[in-house]
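In case you want the letters, here they are:
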Amino acid sequence: MKLRHFLLIGIFTLGSFVNAQEVKKNAIEVTGIAEMEVEPDEIIFSVGIKADNKNDLADNEKKLFETLKNGGVKNEDIKFKSMYQNVYAKNGKFTKSYQFKVNTKANISKIFEDLNQKWVSNLNVSEVKNTKIADFRKTIKINALKAAKEKADYLLESMGKKTGAPLEIIEIEDYTSDMVLPVAYKSSVRNMQMEAAADATIDFSFDNIENIKLKYSIKTRYEIL
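All values reported here derive from a predicted model rather than from experimental measurement.

A. Structural context of the environment of Val-30. Relative to the helices and strands, Val-30 resides in strand β1 (residues 27-38). Expressed as a C-alpha distance, the spacing of Val-30 and Glu-150, which sit 120 residues apart in the sequence, is 9.6 Å. Once residues within four sequence positions are removed from consideration, Val-30 is found in contact with Ala-148, Lys-151, Ala-152, Leu-155, Ile-218, Lys-219, Thr-220 and Tyr-222.

Below, the structure written as structure tokens:
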């Protein structure tokens, strides 16, 4: 009987403890929002070259590398993507595609002008981004969390209360993008033929690129003191 009595006391005590743990604390739930604009510092292009035979294709490839080098593009920033042979084509039976990366030091306008050649089949924008975007994301998330805490503080202060310990933090990604498309590029670069690139009125420099827009929301719950 004593053992059974002891077990009953233990079960009752444990049940009381669980009930106490289930008591919800008074809390306030708020959402903090932070935004940031980041200047792009890198563009990745896709470029295609063509030729009637492999020898001419090799010559055009050399011309491509030389043109990109003169425009400030490093060899290590040029990557081969694919090669294709069309046995039914009358012109340009052999094609080869590359990607090349340019930074703010490159002369994009010169590259476009020099690549306005018949042996260049296309020039497209693949990506426009900032190389330090990960660091900016961290900063804006912290700012969103600070905004949530500040909101909770002034709301509770208006009721004579104070913000306690955070009970829950939920990250909400409203909108973020690693890349944007420049205004001039929207109508003149994407899927364009090189003959259309000769328009001298279009500015293809980094100055004509829209900033990358980042926006994050952080939903939080704080204890009310």
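Having seen it, we continue.
B. Molecular detail of the pattern of salt bridges. Scanning the entire structure with this criterion turns up eight salt bridges. Between Asp-114 and Lys-110 there is a salt bridge, with the nearest N and O atoms lying 3.1 Å from each other. Taken together, the positions of Asp-114 and Lys-110, both in helix α3 (residues 108-114) and four residues apart, correspond to about one turn of that helix. Here Asp-153 ties to Lys-149 by a salt bridge, and the two come within 2.9 Å at their closest N and O atoms. Here the residue Asp-153 and the residue Lys-149 both occupy positions in helix α4 (residues 133-157), the gap between them amounting to four residues, near one helical turn. Its relative accessible area of 28% is what places Asp-153 among the partly exposed residues. For Lys-149, a relative accessible area of 31% corresponds to the partly exposed category. Within the structure, one salt-bridge network assembled from shared partners comprises Glu-42, Asp-77, Lys-101, Glu-127 and Lys-129.

C. Looking closely at the pairing of strand β4 (residues 94-103). Residue alternation in β4 divides its side chains into a buried set, Phe-94, Lys-96, Tyr-98, Phe-100 and Val-102, and an unburied set, Thr-95, Ser-97, Gln-99, Lys-101 and Asn-103. For strand β3 (residues 78-85) and β4, the ladder comprises seven bridges, and the chain directions are antiparallel. Within β4, the residue paired with Ser-82 across the bridge is Ser-97.

D. The side chain of Lys-96, seen in detail. Looking at where Lys-96 falls in the secondary structure, it is placed in strand β4. Among the polar contacts listed, one links the side chain of Lys-96 to the side chain of Glu-61, at a separation of 3.0 Å. Setting aside anything within four residues of it in sequence, one finds Lys-96 in contact with Val-47, Gly-48, Ile-49, Leu-57, Glu-61, Phe-80, Ser-82 and Met-83.

E. Geometry of the nonpolar core. Of all hydrophobic cores here, the largest spans 26 residues; its most connected members are Ile-43, Phe-45, Leu-64, Leu-68, Phe-100, Val-102 and Leu-115. Broken down by secondary-structure element, the contributors of at least two residues to this core are β2 (42-51), α2 (54-70), β4, α3 and β5 (120-129). It is β2 that contributes the most residues to this core, five residues altogether. Ignoring any residue separated from it by four or fewer positions in sequence, one finds Val-102 in contact with Asp-41, Glu-42, Ile-43, Phe-45, Val-73, Ile-108, Ile-111 and Phe-206.

F. Fine view of the environment of Gly-48. With respect to the helices and strands, Gly-48 occurs in strand β2. Looking at Gly-48, the relative accessible area reads 5%, which means it is buried. For the pair Gly-48 and Glu-61, spaced 13 residues apart in the sequence, the C-alpha separation amounts to 9.7 Å. In contact with Gly-48, other than residues within four places in its own chain, are Lys-96, Ser-97, Trp-119, Val-120, Ser-121 and Asn-122.

G. Quick look at the sheet that holds β5. Strand order in the open sheet formed by four strands is β3-β4-β2-β5, and the pairing between neighbours is antiparallel. The sheet terminates laterally at β3 and β5, the two strands that pair on one side only. Mean inter-strand twist for the sheet, computed between neighbouring axes without regard to direction, equals 15 degrees. As paired elements, β2 and β5 share eight bridges and run antiparallel to each other. In the sheet register, Ser-46 faces β5, and the bridge partner there is Asn-124. Across the sheet, α2 lies against β2, β3 and β4, angled at about 155 degrees from β2, the strand it touches most.

H. Quick peek at α2. The terminal C-alpha atoms of α2 lie 24 Å apart, and with 17 residues this matches the ideal 24 Å at 1.5 Å per residue to within 8%. Buried within α2 we find Leu-57, Asn-60, Glu-61, Leu-64, Thr-67 and Leu-68. Seen from one end, α2 has its buried residues packed into an arc of 130 degrees, which puts them on one side. Among the exposed residues of α2, those pointing more than 90 degrees away from its buried face are Asn-55, Lys-62 and Lys-69. Residues of α2 that are buried in the fold lie against β2, β3, β4 and α3. The residue sitting at the N-terminus of α2 and contributing the capping side-chain oxygen is Asn-53; that oxygen lies 3.1 Å from the backbone nitrogen of Asn-55. Immediately downstream of α2, the backbone of Gly-72 shows phi near 100 degrees, a positive value.

About the criteria used
Residues numbered from 1 in each chain as written. Predicted model: local features only at pLDDT ≥ 70, side-chain atom pairs only at ≥ 80, totals over all residues. Heavy atoms only, no water. Helix = DSSP H or I, 4+ residues; strand = E, 2+ residues; numbered from the N terminus. Contact = heavy atoms within 4.5 Å. Salt bridge = Lys/Arg side-chain N within 4 Å of Asp/Glu carboxyl O. Buried < 20%, exposed > 50% of the residue type's maximum accessible area, 1.4 Å probe, protein only. Pairing = 2+ DSSP bridges. Polar contact = N/O pair within 3.5 Å; in protein donor to acceptor, adjacent residues only side chain to side chain. Core = buried A, V, L, I, M, F, W, Y, C linked by side-chain atoms within 4.5 Å. Axes fitted to C-alpha atoms, helices over the stretch in contact; angles between N-to-C directions. Expected span 1.5 Å × (residues − 1). Arc of directions from axis to C-beta.

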